[in-house]
Amino acid sequence: MTLHTRAGLEAVPAYRQGRSAPAGASKLSSNESPHAPLPSVVTAVQERLGSIHRYPDMSASALRDDLAARYGVDPSLITVGAGSVELAAQLIHAVAGEGDEVMFAWRSFEAYPSLVRIAGATPVAVPLNAEHAHDLDAMLAAITPRTRAIFVCNPNNPTGTVVTAAELEGFVAAVPHDVLVVIDEAYVHFDRTDSYGAGIELFRRHPHVAVLHTFSKAYGLAGLRIGYAISPLEVAENQRKVAVPFGVTDLAQAAARASLDAEDELAVRIEEVVAQRNRLRDLLIDAGWPAVASQANFVWVPAGERTDELEALLREGGVITRAFPGEGVRISSGSVVDIDRVAAALVREEVSA
Ligand SMILES: *Cc1c(COP(=O)(O)O)cnc(C)c1O
């Protein structure tokens, strides 16, 4: 006899983690910070280790108060989760169910389609435009009476493109106010255009906007799993119902608070990552690869049929990347040493060609 399992999950791919790197190789496959945690953050976590026999504060009240003060919003509008991917799931479950549609651009964050299907809703993927950016007009045209949420990943993963603050404003204003627009700003700290921070401003001015932020990328806490959302009250209340209880550890909350206190130090690191990202793109262009200008901590190379070739070339040079077969390669911005390796690998090809 075969065990009964949930019907429909055959269509849901399991989340695929960025390739792990062999010892000594550069892991540029998951958009993590190349920097070790800040000493002040390590100390904050160590100070809490003696309390791990207790459940964490499920409401993360101290962290939410810090964030509420920083953004000037009521703490009731802030929710935390085990990474912003959990918050994306919460937001979907908060507004959509069987028969509803949730829209996103494609290609975008790989988790979106699965999260939508797991909620029983229908994913609506709207192709990116020729510049590898969100096609906001096409997204508006794809809204139906069943649309419950629209994700705008800004900057977009994996292409690194942004929509401007004005484009985003026009889009949000044109979306019916009973449809939630989720602005996923996982990479906002690396954005050097006017769309930096646009999500929070839109949240303030419109009743149907939620913003997603994570501590995994710019703050360097990917291993601790913590992020937050700022959402309209009725959405935030539903999120608290669908959240897995005690999903965010006390250690993660302490690390997040210490990171908010260390932003000047983190800003220096973020500038390094931005500089290496720009250098990485220039190196790829110089070597003849069609690298897209990026506002995130990675560079997208829509290599098409040459995707495997580029992935293998870099792997042989000790650089592990994220390849999307037939589409392209996403290379995270690493340390100077990591990008030196990319440079060496690309030059080696020119010599052998
Ligand atoms: C990495 C990423 C996230 C979330 O990461 P967490 O580690 O779960 O916080 C969310 N959205 C996008 C677009 C990402 O690339």
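What counts, and at which threshold
Residues numbered from 1 in each chain as written. Predicted model: local features only at pLDDT ≥ 70, side-chain atom pairs only at ≥ 80, totals over all residues. Heavy atoms only, no water. Core = buried A, V, L, I, M, F, W, Y, C linked by side-chain atoms within 4.5 Å. Buried < 20%, exposed > 50% of the residue type's maximum accessible area, 1.4 Å probe, protein only. Helix = DSSP H or I, 4+ residues; strand = E, 2+ residues; numbered from the N terminus. Contact = heavy atoms within 4.5 Å. Expected span 1.5 Å × (residues − 1). Near = heavy atom within 4 Å. Polar contact = N/O pair within 3.5 Å; in protein donor to acceptor, adjacent residues only side chain to side chain. Areas by Shrake-Rupley, 256 points an atom, 1.4 Å probe, with all protein chains shown as cover. Nonpolar A, V, L, I, M, F, W, Y, C, P; charged D, E, K, R; others polar. Domains from an automatic or database assignment. Buried area = accessible area lost by both parts, 1.4 Å probe. Salt bridge = Lys/Arg side-chain N within 4 Å of Asp/Glu carboxyl O. Phe/Tyr/Trp six-rings, centres within 6.5 Å; stacked < 30°, edge-to-face > 60°. Lys NZ or Arg CZ within 6 Å of the ring centre and 35° of its normal. Pairing = 2+ DSSP bridges. Right-handed = clockwise from strand over helix to strand, strands pointing away. Patch = residues over 30% accessible without salt bridge, like charges linked within 9 Å, V, L, I, M, F, W, Y side chains within 5 Å. Axes fitted to C-alpha atoms, helices over the stretch in contact; angles between N-to-C directions.

Turning our attention to the nonpolar core. If you look at the biggest cluster of nonpolar residues, it comprises 52 residues, and the most contacted ones within it are Phe215 and Ile230. Top contributing element to this core by residue count: helix H9 (residues 250–261), with six residues. Non-local contacts of Ile230, meaning those with residues more than four positions away in its chain, are made with Tyr71, Val73, Leu77, Ile78, Ile200, Phe203, Val209, Ala210 and Val211. Core analysis: the next-biggest nonpolar cluster, separate from the first, contains 25 residues, Ala96, Tyr112, Leu180 and Val182 among them.

With that settled, the discussion passes to helix H10 (residues 263–286). For H10, built from 24 residues, the straight-helix expectation of 34 Å at 1.5 Å per residue is met to within 8% by its first-to-last C-alpha distance of 34 Å. Regarding H10, the residues found buried are Leu266, Ile270, Val273, Val274, Gln276, Arg277, Leu280 and Leu284. Just beyond H10, the residue with positive phi is Gly288, at close to 90°.

Before going further, it helps to examine the site of the ligand. Around the ligand there are 13 residues in total, and Ser84, Tyr187, Thr214, Ser216 and Lys217 lie nearest to it. Side-chain polar atom of Tyr187 to an oxygen atom of the ligand: 2.5 Å apart, as the coordinates give it. Taking 380 Å² as the accessible area of the ligand by itself, protein coverage stands at 93%. A breakdown of the residues in the shell around the ligand according to their chemical character gives five nonpolar, five polar and three charged.

Right, let's talk about the domain arrangement of the protein chain for a bit. Split into domains, the protein chain comes out as domain 1 (19–37 + 264–352) and domain 2 (39–260). Taking only C-alpha atoms into account, the centre of domain 1 sits 26 Å from that of domain 2. In this complex, domain 1 contributes 25 residues to the contact, which on the side of domain 2 involves 26 residues. Overall, the association of domain 1 and domain 2 removes approximately 2,100 Å² of surface from exposure, summing both partners, and the carbon and sulfur fraction of that is 60%. A salt bridge links Glu271 to Arg192, with the shortest nitrogen-to-oxygen separation between them at 2.6 Å. At the junction of domain 1 with domain 2, the criterion picks out nine residue pairs in polar contact (both at pLDDT 80 or more). Breaking the side of domain 1 that touches domain 2 down by element, the ones donating at least two residues are H10, strand S9 (298–301) and strand S11 (322–324). If you tally residues by element for the side of domain 1 that touches domain 2, the top one is H10, at seven residues.

This brings us to the packing of aromatic side chains. Under the definition given, this model contains eleven aromatic pairs. A centroid spacing of 5.4 Å and a plane angle of 90° characterise the contact between Phe109 and Tyr112, whose relative ring orientation is edge-to-face. For the pair Phe109 and Tyr112, a shared accessibility class is recorded, and that class is buried. Three or more aromatic residues joined by ring pairs make a cluster, and in this case those are Tyr15, Phe104, Trp106, Phe109, Tyr112 and Phe151. Sitting over the ring of Trp289, Arg306 keeps its end group 4.1 Å from the ring centre.

All right, on to the pairing of strand S3 (residues 101–106) then. Counting buried residues along S3, five of its six residues qualify, which places the element largely inside the surrounding structure. Relative to strand S4 (residues 122–127), S3 runs parallel, the two being bridged by six bridges. When the bridges of S4 are listed, Glu101 appears paired with Thr122. Viewed along the sheet, the connection from S3 through helix H4 (residues 111–118) into S4 turns out right-handed. Bridging between S3 and strand S5 (residues 147–153) involves three bridges; their strand directions are parallel.

What follows concerns the pattern of salt bridges. Pairing of side chains with opposite charge becomes possible as their charged atoms draw close. Counted under the stated rule, the structure contains 15 salt bridges. A salt bridge links Glu32 to Lys27; the shortest N-O distance between them is 3.2 Å. Using a relative accessible area of 31% as the deciding quantity, one classes Glu32 as partly exposed. Arg70 is the salt-bridge partner of Glu263, the closest N and O atoms lying 2.9 Å from each other. Of this pair, Glu263 sits in helix H10 while Arg70 sits in helix H2 (residues 61–71), and the two are 193 residues apart along the sequence. Among the ionic contacts, a cluster of salt bridges with common partners joins Arg16, Glu110 and Arg322.

This part covers the pairing of strand S8 (residues 227–230). Here S8 shows a buried face lined by Gly227 and Ala229 and a second buried face lined by Tyr228 and Ile230. As paired strands, strand S2 (residues 78–81) and S8 are joined by four bridges and run antiparallel to one another. Across the sheet, Val80 pairs through a bridge with Tyr228, a residue of S8. Examined bridge by bridge, strand S7 (residues 209–214) and S8 share four bridges and lie antiparallel to one another. When the bridges of S8 are listed, His213 appears paired with Tyr228.

A few words now on a nonpolar patch on the surface. Residues Tyr55, Met58 and Phe246 make up a contiguous nonpolar surface patch of roughly 380 Å² in combined accessible area. Within the fold, Phe246 resides in the loop between helix H8 (233–242) and H9.

The strands that make up a sheet are held in pairs by hydrogen bonds between backbone atoms, and each pair lies either parallel or antiparallel. What the seven strands build is an open sheet, ordered S2-S8-S7-S6-S5-S3-S4; its pairing is mixed. Both edges of this open sheet fall to S2 and S4, since each of them pairs with a single strand only. For this sheet, the mean angle separating the axes of adjacent strands, direction not counted, is 20°. Note that strand S6 (residues 180–184) and S7 share four bridges and pair parallel. Within S7, the residue paired with Asp184 across the bridge is Leu212. Set on the sheet, H8 makes contact with S2, S6 and S8; between it and S2 the angle comes to about 30°.

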